[in-house]
Amino acid sequence: MEPAWRPQGRGRGRGQEVERSRPPQKEKAGPGGRSLFEEIRKSDQAAAQRLVESRLSSSSSDEDDDEEVKVDHKDGKRGRILASTFTSYTAQTGGDETGLVRTGQYVSDLFQSRALTCLICIGSVKRTQAVWSCSSCFSLLHLPCIQKWARDSVFLVSSVSGEASGQEQHPWPCPKCRAEYPPSATPNRYMCYCGALQDPPADPWLAPHSCGSVCQKQLKPSCGHTCLLLCHPGPCPPCPKMVSVSCMCGKAKPLPRRCSNKSWSCQQTCSKLLPCKQHTCTQPCHTECRPCPRVSEQRCVCGRERAERSCSSPHWTCTQVCGSLLSCGNHTCEVLCHDGVCPPCPRSVSRSCPCSKTKSSLPCTEEVLPCGDTCDRRLSCGKHTCSMRCHRGSCETCRHEVEKECRCGKYRKFMPCHKEYLCDSKCPKTRSCQRHQCRRKCCPGNCPPCDQSCGRTLGCRNHKCPSGCHQGSCYPCPEAVEVTCSCSSTVLSVPCGRERSTRPPRCKETCRRPPSCHHPSREPHRCHPGPCPPCRLPCRLPLPHCSHTCPPPCHDQVLVKSQQVKLAGPWEQPSAPAFVQKALPCPPCQVPIPTTCFGEHEVSPVPCHRRGRFSCQQPCGRPLTCGNHDCSRDCHLVTDGNKCEVCEQGCSKPRPPGCPHPCSRPCHPGNCPACSKMIRQRCHCKISLLYVECTKWTSADKQTKMQLSSCNNQCPKELSCGHRCKQVCHPGVCEEKCQQKVKLRCPCKRIKKEFLCSLSDQCVVECVDSCRDQQKKVSQVREAEQRAAQEEEQKMLQDELEAFEKRQQRGGRRSKKRGRREEVEEEAGRAGRWWRRCAAFVLVPLGGALLSAAACYLLLTD
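Residues numbered from 1 in each chain as written. Predicted model: local features only at pLDDT ≥ 70, side-chain atom pairs only at ≥ 80, totals over all residues. Heavy atoms only, no water.

Novice: Before we move on, can you summarise the overall build of the protein with the specific residues and values?
Specialist: Helix and strand content of the protein: 10 helices and 24 strands. The burial tally for the protein puts 27% of its 862 residues in the buried class. Within the protein, contacts between residues at least 6 apart in sequence are counted, and of these 27% link residues at least 24 apart. Entry remark: accessible area of the protein is about 58300 Å², with carbon and sulfur atoms responsible for 52%. (Helix = DSSP H or I, 4+ residues; strand = E, 2+ residues; numbered from the N terminus. Buried < 20%, exposed > 50% of the residue type's maximum accessible area, 1.4 Å probe, protein only. Contact = heavy atoms within 4.5 Å. Areas by Shrake-Rupley, 256 points an atom, 1.4 Å probe, with all protein chains shown as cover.)

Novice: Report on the pairing of strand E14 (residues 412-416), specifying residues and quantitative values.
Specialist: Regular strands place their side chains on alternate faces of the sheet. Examined bridge by bridge, strand E13 (residues 401-405) and E14 share five bridges and lie antiparallel to one another. Its bridge partner lying in E14, glutamate 403 is registered against phenylalanine 414. Taken together, E13 and the strand that follows it, E14, pair antiparallel across an intervening segment of six residues, in which glycine 409 is found at a positive phi of about 85°. (Pairing = 2+ DSSP bridges.)

Novice: Outline the pairing of strand E22 (residues 689-693), listing residues and values.
Specialist: Only one face of E22 is covered, namely the face carrying Leu690 and Val692; the face carrying Leu689, Tyr691 and Glu693 is uncovered. Bridge analysis of strand E21 (residues 678-682) against E22 gives five bridges, and the strand direction is antiparallel. By the bridge assignment for E22, methionine 678 is matched with glutamate 693.

Novice: Outline the confidence of the model for the protein, listing residues and values.
Specialist: Across the protein, the average pLDDT comes to 77, with 84% of residues at or above 70. A low-confidence stretch, residues 54-75 (pLDDT under 50), is modelled with 13 contacts involving residues beyond four sequence positions or located in other chains. (pLDDT = per-residue confidence, 0-100.)

Novice: Please provide a residue-by-residue account of the pattern of salt bridges, values included.
Specialist: Within the structure shown, the criterion is met by seven salt bridges. For glutamate 297, the salt bridge is made with arginine 306, and the minimal N-O distance between the two is 3.0 Å. A salt bridge links aspartate 451 to arginine 431, with the nearest nitrogen and oxygen atoms 3.3 Å apart. One end of the pair, aspartate 451, is in the loop between E14 and strand E15 (480-484); the other, arginine 431, is in the loop between E14 and E15, and 20 residues separate them in sequence. Among the charged side chains, a salt-bridge network with shared partners connects Lys357, Asp373 and Asp376. (Salt bridge = Lys/Arg side-chain N within 4 Å of Asp/Glu carboxyl O.)

Novice: Outline the nonpolar core, supporting the account with residue identities and numerical values.
Specialist: Among the nonpolar cores identified, the biggest contains 38 residues, and Trp132, Ile146, Trp172 and Tyr181 are the most heavily contacted of them. Every element with two or more residues in this core is listed here: helix H4 (77-93), helix H5 (101-111), strand E3 (131-133), strand E4 (140-142) and helix H6 (143-161). (Core = buried A, V, L, I, M, F, W, Y, C linked by side-chain atoms within 4.5 Å.)

Novice: Describe the packing of aromatic side chains, listing the residues and the values that go with them.
Specialist: What characterises a pair of aromatic rings is the spacing of the ring centres plus the angle enclosed by the ring planes. For the structure on display, the rule yields three aromatic pairs. When the centroid spacing of 5.5 Å and the interplanar angle of 75° are considered together, the rings of tryptophan 132 and tyrosine 181 count as edge-to-face. Linking tryptophan 132 in strand E3 with tyrosine 181 in strand E6 (residues 180-181), this pair joins segments that are 49 residues apart in sequence. By the burial criterion, tryptophan 132 is buried, and tyrosine 181 matches it. Residues tryptophan 172 and tyrosine 181 carry aromatic rings whose centres are separated by 5.0 Å and whose planes lie at 25° to one another, so their mutual orientation is stacked. (Phe/Tyr/Trp six-rings, centres within 6.5 Å; stacked < 30°, edge-to-face > 60°.)

Novice: Tell me what's going on with a nonpolar patch on the surface, and back it up with residues and numbers.
Specialist: On the surface, Met678, Leu689 and Tyr691 cluster together into a nonpolar patch covering about 320 Å² of accessible area. Here methionine 678 shows up in strand E21. (Patch = residues over 30% accessible without salt bridge, like charges linked within 9 Å, V, L, I, M, F, W, Y side chains within 5 Å.)

Novice: Pulling in residues and values, what's your account of unusual backbone geometry?
Specialist: Only a minority of non-glycine residues have a phi that is not negative, and only a minority of peptide bonds are not trans. Cis peptide bonds are those with omega within 30 degrees of zero, and the linkage from lysine 220 to proline 221 qualifies with -5°. As for its position among the elements, proline 221 is in the loop between E6 and strand E7 (242-245). Phi is positive for arginine 178, close to 65°, though the residue is something other than glycine. Looking at the element boundaries, arginine 178 is found in the loop between strand E5 (172-173) and E6.

Novice: Describe the environment of arginine 782, naming the residues involved and giving the relevant values.
Specialist: Note on placement: arginine 782 falls in helix H9 (residues 769-810). Residues arginine 782 and proline 845 lie 63 residues apart in sequence; the distance between their C-alpha atoms is 7.3 Å.

Novice: I'd like a description of the state of the cysteines, backed by residues and values.
Specialist: All chains considered together, the criterion is met by zero disulfides. Of the cysteine sulfurs around cysteine 285, a residue in no disulfide, the closest is that of cysteine 249, at 3.3 Å. Among the cysteines around cysteine 631, which has no disulfide bond, cysteine 644 carries the closest sulfur, lying 3.8 Å off. (Disulfide = S-S within 2.5 Å.)

Here it is as structure tokens:
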């Protein structure tokens, strides 16, 4: 049987079988040829066997691992390894393993098949492979993968920044948590978890990649003790040492407590004097006392108002202006509620003109006038100065014509100084992704990063890279798949693509560290290594100058860049910026206060820290003196010097119905005068143009308007009978009662009578006896004419017959002249007969018709 991996076709194996199937007489080969063939066949079979065995072993390696895990778990080998790793810790805690949940999960994942995944190559991390562990997220990665990742990251950063010399040391990030490492921290050796042993051997009675020695790492938070576990993955557990500490208030005697949880409360009343110096703290044992929660009646700073306020903030200011007379004796203090002496008058000091060239000491009641000199203040361009005379307000825009170079440096052009010159040439350079062109107009050379999406398939084969278009390999898939435990109370997020091969996690507890801000407790979150995340609860501290509390998130501990120390000289190098945790002051109060605008159009919310009336930018809306329009200025405060505008519009009052002309007067109160203009319009028949006074037309009723729209001429329209309408110019359809007289005749056309056109359809003229007699006479004449014509035709036929018979009787040869003469006579006789026939058939009936017409005419005239 042929192996499944061998392709069909001609090959050594196939040829060998063909040779084997041939008849024996055709196998003629020498001893040397047969031995060579056997050697080749054996080598092919051995290679095929090795290939099949390697494939079977690689496909079943994971299954073997699962089998091994099951056997180890059944025999207690895995339990003994975990117990030996945690023995020194449990000996200090008396068998309590609550602090080993997170570390135990990391150790358990080492024995679980396909639980550990290299995020770079998306492959399983086996116990015999060289690995590297991140000191921040504790993820295990293949050593060759992380080395290549570090080199590629540093190369990409240096290529983007344009530093080819390599003098700058760029950090490289962890593929999972993005924690940055210096180039010197690039792993080049396979170390155990604690870093004490290089190339740790694979010991079946130890945790994979562990040296078996005590960890001895400094615990976090630092307490002076070291980790007691054997070399292990993941974070070190909380300190299990027992220390003797007193309670938080210091009243109780010291008690032995766990070093990781040494803060405890004796539940006695604190009784410390609060900052208000009047009350004592009534809370149970705690570290820092809260502000006094009691309320008392307190005076403001100026002493004018009294209000009940929190005892913790006794100093407060009211909203009244001081109003005291200043030292100048002319002005009053405009500062809000304050204590002490009022400040000096701001106008009593030395003042200068607008251009600051001339200074003068004038009384506070007088204004400093412009000096009249050239302004000479620097314009916004920074190159030229203002050429106007000393003036108030901002200077004009610089309009000097200068030669400017475009941003990319290709073109130069004369243009105003305040305008920027940008050409239309597009940048042909490639962006940092090395895949797309810049194509930005007038680019100075610093092309922006590529704004397109990467879109390449990630190593998980399920998603595409969501980052912007970049150079080099993509980061691992940021998506995570949740794998829950059996009770669904603990969720473990594993990299995308490994959810089918990851075993369920173990349950974890929440963080119990005391808060480091003024809040009584932290936000609930899971236990984690390192410092707790910043507090995100609302601040809720009382704000100064108002009765509201601070709504933003807590800002007691914010990372702030420390101020740089001033250098003594150019020989000193500036140090790297340092960040310190600092309590920031509360921002200004943003609570909206309902405030009415100047024109009382709306009540809008205004932030508490800048309360006061405002302009809503809507039209003023106050009625003008004309009484017809409102003020169109933006919402403003009406004073003696700031009044509403004067109406300059035309009259916009509604005109009488039908009047299309506007009022000729400007906007005025009262009624408009009567319209004196003429209206041009067509009459009812649409022929003549009529001019009617607008007042008469708009005040006329329906009947009068019909009369005014008539031209008083005869209607030119035709009736359905074809006669013209007899009425005067009128609207609508003409009346179908034609009064025109028409003549009707009898059937023989001898008798005619006149009737009205509207009654012609109902009247009929009939023939009389004389008409019938005349018809009989006419018919008799026609019959006589027809008989005469028939007789004439018979006669002509008889004459032709007789002539023919005469010619037949003569016989013999005729002379030539005689024959010609007879032919001419015969043709003349034929023409005469033809004319007689025409006269009989045409002239006779025509003459009869003429005679009958003449007779009818004579009868009618009689």
